[in-house]
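# Residue-level structure breakdown
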Amino acid sequence: MNYLELFGAISGLIYIFLEVKQKSVMWIVGFITSIVYIIVFFQSKFYAGMALNAYYLFISVYGWYQWRYGGQSGEQKSERKVTHVTFPTAIVVAVVAILLFVLISQVLVRYTDSPVPYYDALASSLSIVATWMLARKLLQHWILWIFINFFSVALYYWRGLYPTSVLYLVYGVMSIVGWIQWKSSYDN
C-alpha cells in the first residue's frame, strides 16, 4: 500500500467535495493534493500527469484569487459567480486542448518511457483547459471533468494505481453532482 497515494486520494476527495460546494478553500486543498500527486505520478511514469499537477500548483493560486476577488462589482472586488462559457471561449478552449494534446503526446512519445503517451496526453490536455474553466467558474467545465474522470478510472486502474482509480471514480460521480448543483446555483 502506497500511503502517500492514499493520502493524495483522501485529500482529492476533500477537494472535489469543496469544489461542488463552491468553497474557495478547495484551492488550498488542491495545492496540497497536487504536491502529493507530482510524486505519485513520477513514481508511476505518468509524466504528463506529473507535469499537470505542477500546473495545478500555479492554477490553484490563480483559481483561489479568481474565486475570492475575480467577480468585478463596481470598484469593489467580489466573489466570482457561476457563468456559462461563451461560443468564442468554447472555440479557443477547443483549439488550445487540441494543440496541447499534440504537444504533450509528442513530448511523451519522443522523450519519455511512458507506457500510455496518448491516453496520458488526452487526460492532461483536457484537464488543463477544464481547470482554467473551473478557475473562471464556467459551468461547462463539469462536462469535461465527467469525461476526464471516468476515462482516468480505467487508465489508472490499468497502471495499478488502485486508490487513485477509486478517487477518479468518485470524481466522476461528483462531477455529475457538481454539474447539477452548479447549474441549480446558476439558474437561481
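Our structure's up above, just so we're on the same page.
Residues numbered from 1 in each chain as written. Predicted model: local features only at pLDDT ≥ 70, side-chain atom pairs only at ≥ 80, totals over all residues. Heavy atoms only, no water.

### Some points on the packing of helix H1 (residues 3-20) against helix H2 (residues 26-43)
When two helices pack together, you describe them by how their axes are tilted relative to each other and by the distance separating the axes. With their axes 9 Å apart at the nearest point, H1 and H2 run at an angle of 150° to one another. Here H1 is positioned roughly antiparallel relative to H2, judged by the angle of their axes. In this structure, the crossing between H1 and H2 has a hand that is left-handed. Here H1 contributes Leu4, Glu5, Phe7, Gly8, Ala9, Ser11, Gly12, Ile14, Tyr15, Leu18 and Glu19 to the contact with H2, which in turn contributes Met26, Trp27, Val29, Gly30, Ile32, Thr33, Val36, Tyr37, Ile39 and Val40. (Axes fitted to C-alpha atoms, helices over the stretch in contact; angles between N-to-C directions. Helix = DSSP H or I, 4+ residues; strand = E, 2+ residues; numbered from the N terminus. Parallel < 35°, antiparallel > 145°, perpendicular 65-115°, else oblique. Left-handed = near helix turned anticlockwise from the far one by under 90°. Contact = heavy atoms within 4.5 Å.)

### Comments concerning the packing of aromatic side chains
This model, assessed by the stated rule, comprises 15 aromatic pairs. When the ring of tryptophan 27 is compared with that of tryptophan 67, the centres are 5.7 Å apart and the planes differ by 90°; the resulting orientation is edge-to-face. Here tryptophan 27 is found in helix H2, whereas its partner tryptophan 67 is found in helix H3 (residues 47-69), with 40 residues between them in sequence. With respect to burial, tryptophan 27 and tryptophan 67 carry one shared label: buried. Through a chain of ring-to-ring contacts, three or more aromatic side chains come together here, namely Tyr37, Phe41, Phe46, Tyr156, Tyr168 and Tyr171. Across the ring face of tryptophan 67, the terminal group of lysine 137 is positioned such that the distance to the ring centre comes to 4.5 Å. (Phe/Tyr/Trp six-rings, centres within 6.5 Å; stacked < 30°, edge-to-face > 60°. Buried < 20%, exposed > 50% of the residue type's maximum accessible area, 1.4 Å probe, protein only. Lys NZ or Arg CZ within 6 Å of the ring centre and 35° of its normal.)

### A short note on a nonpolar patch on the surface
Residues Leu4, Phe7, Val25, Ile28, Phe31, Ile32, Ile35, Ile39, Val61, Trp64, Tyr65 and Tyr69 make up a contiguous nonpolar surface patch of roughly 990 Å² in combined accessible area. Those elements that provide at least two residues to the nonpolar patch are H1, H2 and H3. No other element matches the five residues that H2 contributes to the nonpolar patch. With respect to the element layout, leucine 4 can be found in helix H1. With a relative accessible area of 30%, leucine 4 lands in the partly exposed category. (Patch = residues over 30% accessible without salt bridge, like charges linked within 9 Å, V, L, I, M, F, W, Y side chains within 5 Å. Areas by Shrake-Rupley, 256 points an atom, 1.4 Å probe, with all protein chains shown as cover. Salt bridge = Lys/Arg side-chain N within 4 Å of Asp/Glu carboxyl O.)

Purely geometric stuff here, so don't read any function into it on its own.
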